[in-house]
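Residue-level structure breakdown
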Amino acid sequence: MGNSLKSANFLMERWMADAAGGDADALYELGVAYSTGTAGTEIDLVEAHKWFNLAALNGSCEAQSCRADISEEMSAREIAEAQRQARAWLAETARRAA
């Protein structure tokens, strides 16, 4: 595994851990990673929308703007799936915290 892949994996793991604690910046960075294909990810607008949605719920104005931007490139079905995944992630995070 190359150093750049190791650092990308480390970044994603760190953002995931911080996101589980409700860190809006980490949630936003995950959205950026999935919307642009950075940090070793493939572009996945459903996944990006999910993370931007979660970041927006945690107060990120940037995430609200990015979510709106990528929504223009998504079908209603994709947006509904992203929202479903965001709700499921919130429920799972709450369950783990209890």
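Preceding this section is the structure that the text describes.
The shown structure was predicted, so the numbers you read here are calculated from the model rather than taken from an experiment. (Residues numbered from 1 in each chain as written. Predicted model: local features only at pLDDT ≥ 70, side-chain atom pairs only at ≥ 80, totals over all residues. Heavy atoms only, no water.)

**Quick notes on the packing of aromatic side chains**
Within this structure, the stated rule accounts for two aromatic pairs. Where Y28 meets F52, the ring centres are 5.8 Å apart and the plane angle is 45°; that geometry is what we call tilted. With a gap of 24 residues between them, Y28 in helix α2 (residues 24-36) and F52 in helix α3 (residues 45-57) connect regions that are remote in the sequence. Exposure remark for F52: the relative accessible area of 1% places this residue in the buried category. (Phe/Tyr/Trp six-rings, centres within 6.5 Å; stacked < 30°, edge-to-face > 60°. Helix = DSSP H or I, 4+ residues; strand = E, 2+ residues; numbered from the N terminus. Buried < 20%, exposed > 50% of the residue type's maximum accessible area, 1.4 Å probe, protein only.)

**A word on the environment of K50**
Residue position: K50 is located in helix α3. Sequence separation between K50 and W15 is 35 residues, and the spatial gap between their C-alpha atoms is 14 Å. At 3.1 Å, the side chain of K50 and the side chain of E47 are in polar contact. (Polar contact = N/O pair within 3.5 Å; in protein donor to acceptor, adjacent residues only side chain to side chain.)

**Overview of the pattern of salt bridges**
Scanning the model with the defined rule gives three salt bridges in all. One salt bridge in this structure joins R84 and E81, with 2.6 Å as the shortest N-O distance. You can see R84 and its partner E81 sitting in helix α5 (residues 76-97), three residues apart, about one turn around the helix. Residue classification places R84 among the partly exposed positions, given a relative accessible area of 43%. The exposure class of E81 is partly exposed, given its relative accessible area of 28%. (Salt bridge = Lys/Arg side-chain N within 4 Å of Asp/Glu carboxyl O.)

**Digging into α2**
Given a rise of 1.5 Å per residue, 13 residues ought to cover 18 Å, and the 18 Å separating the end C-alpha atoms of α2 matches this to within 8%. Capping of α2 at its N-terminal end is provided by D23; its side-chain oxygen lies 2.8 Å from the backbone amide nitrogen of D25. G37 sits one or two positions beyond α2 and adopts a positive phi of about 75°. (Expected span 1.5 Å × (residues − 1).)

**Quick notes on the packing of α2 against α3**
Close contact between α2 and α3 brings their axes to 8 Å; oriented N to C, the two are set at 160°. Here α2 is positioned roughly antiparallel relative to α3, judged by the angle of their axes. Of the two possible hands of crossing, α2 and α3 adopt the one that is left-handed. Every residue of α3 that contacts α2 at A24, L27, Y28, L30, G31, V32, Y34 and S35 is listed here: L45, E47, A48, W51, F52, L54 and A55. (Axes fitted to C-alpha atoms, helices over the stretch in contact; angles between N-to-C directions. Parallel < 35°, antiparallel > 145°, perpendicular 65-115°, else oblique. Left-handed = near helix turned anticlockwise from the far one by under 90°. Contact = heavy atoms within 4.5 Å.)

**Remarks on the nonpolar core**
Of all hydrophobic cores here, the largest spans 23 residues; its most connected members are M12, W15, A19, L27 and W51. Counting only elements with at least two residues in this core, the list comes to α1 (3-20), α2, α3, α4 (61-71) and α5. Element by element, the count of residues in this core is highest for α3, at seven residues. (Core = buried A, V, L, I, M, F, W, Y, C linked by side-chain atoms within 4.5 Å.)

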